[in-house]
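Summary of the model geometry
Listed here are the chains, written in short residue letters.
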Amino acid sequence: FAKSQEAVTLVETVSDHEALYNKINSYDLGDNLYNEAEPNDYMNNANKIYSDYTIAGYINSSDLDLFYFSVSKKANLLIVLASQTPGVAGAVFDSNGQKLIDIQREYYDGLYFSILEGTVEAGGYYIGVGPTSSATSTDEVYILYLQYSEICTHSYSNACDNTCNDCGETRNVTHSYSNNCDD
């Protein structure tokens, strides 16, 4: 794929995520299942979503669903889009509406399914879900899952400090001293 900006690195994979596929295929979506809420066809009324949200939505040949999320620092990202029909497609956009990547889906064991994973820089992003040329005028159901975790670059007050100022993670610090004194 061609990236339109350096802020996002996303890679599509399917084969290494059998457990996640089985979770979505069985619709065992846990406690964070939400329905998309109309109107959400434009950036100014996109549904705000958070990490570990699973969205159940409906799309038809004239609909577009937009979802907004933001990260305050560089983050690992996972987006899953699944439907039982070929009429649903998606894309990721930056906060200015510039498309970063299309969500290409594969047909696998009764499900049109895609996983995007990678990293994004701090900022706001939109996930758009819309119809393909094979969409019908009736509602087609889709599942959208989002997960992100911010990446700490770790900053310390000094070389001897063992606790990160940003996230609180501790590190082992080994000191070595040499005697440079004249006796």
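Just above sits the structure.
In this report, the structure presented in the accompanying data block is examined. Because the structure is a prediction, the values reported are computed rather than measured.

1. Section: the overall build of the protein chain
A count of helices and strands for the protein chain gives one helix and 12 strands. Ordered by position in the sequence, the α and β elements of the protein chain form the string β-α-β-β-β-β-β-β-β-β-β-β-β. Burial statistics for the protein chain: of 183 residues in total, 38% are counted as buried. Long-range contacts, defined as pairs at least 24 residues apart, comprise 71% of the intrachain contacts of the protein chain with a sequence gap of at least 6. For the protein chain, the exposed surface amounts to about 10300 Å²; the carbon and sulfur share of it is 45%.

2. Here we look at the pairing of strand 5 (residues 65-71)
With five of its seven residues buried, strand 5 lies for the most part within the structure. With two bridges joining them, strand 3 (residues 47-48) and strand 5 adopt parallel strand pairing. By the bridge assignment for strand 5, N47 is matched with F67. Judged from the seven bridges that link them, strand 5 and strand 11 (residues 123-131) form a sheet pairing that is antiparallel. Directly across from V71, in strand 11, lies its bridge partner G123.

3. Some thoughts on the environment of G110
Residue position: G110 is located in the loop between strand 9 (106-108) and strand 10 (111-120). Relative accessible area serves as the criterion here: at 30%, G110 is assigned to the partly exposed category. A C-alpha to C-alpha distance of 9.0 Å links G110 and S83, two positions 27 residues apart in sequence.

4. Observations regarding the pattern of salt bridges
Per the counting criterion, the structure on display carries two salt bridges. Put simply, K74 and E121 hold a salt bridge, and the shortest N to O gap is 4.0 Å. Here the residue K74 occupies a position in the loop between strand 5 and strand 6 (75-83), and E121 occupies one in the loop between strand 10 and strand 11, the gap between them amounting to 47 residues. Between D102 and K99 there is a salt bridge, and its shortest N-O distance comes to 3.0 Å. What makes D102 partly exposed here is its relative accessible area of 32%.

5. Describing the side chain of N40
Note that N40 resides in the loop between strand 2 (33-35) and strand 3. Within polar-contact distance, the side chain of N40 engages the side chain of N47 at 3.3 Å. Those residues in contact with N40, other than ones at most four positions away along the chain, are N45, A46, N47, L64, D65, L66 and F67.

6. Overview of the nonpolar core
By size, the foremost hydrophobic cluster in this structure holds 25 residues, and its most contacted members are I79, I127 and L144. Every residue in contact with L144, bar those within four places of it in the chain, is listed here: Y53, T54, I55, F67, I79, V80, L81, I127 and V129.

7. Regarding unusual backbone geometry
With an omega dihedral of -5°, the bond running from E38 to P39 counts as a cis peptide bond. A positive phi angle is found at D52, which is not glycine, with a value near 65°. Turning to its location among the elements, D52 is positioned in the loop between strand 3 and strand 4 (53-59).

8. With respect to the sheet that holds strand 3
Whenever strands of a sheet pair, they do so through backbone hydrogen bonds, lying parallel or antiparallel. Strand order in this open sheet of five strands is 3-5-11-7-8, and the pairing throughout is mixed. At either margin of the open sheet sits one strand with a lone partner, and together these are strand 3 and strand 8 (99-103). Here strand 7 (residues 88-94) runs beside strand 11; their pairing, made up of seven bridges, is antiparallel. Its bridge partner being in strand 11, V88 is matched across the sheet by P131.

Parameters at a glance
Residues numbered from 1 in each chain as written. Predicted model: local features only at pLDDT ≥ 70, side-chain atom pairs only at ≥ 80, totals over all residues. Heavy atoms only, no water. Helix = DSSP H or I, 4+ residues; strand = E, 2+ residues; numbered from the N terminus. Buried < 20%, exposed > 50% of the residue type's maximum accessible area, 1.4 Å probe, protein only. Contact = heavy atoms within 4.5 Å. Areas by Shrake-Rupley, 256 points an atom, 1.4 Å probe, with all protein chains shown as cover. Pairing = 2+ DSSP bridges. Salt bridge = Lys/Arg side-chain N within 4 Å of Asp/Glu carboxyl O. Polar contact = N/O pair within 3.5 Å; in protein donor to acceptor, adjacent residues only side chain to side chain. Core = buried A, V, L, I, M, F, W, Y, C linked by side-chain atoms within 4.5 Å.

Interpretation note: all reported values are geometric properties and have no functional meaning in isolation.
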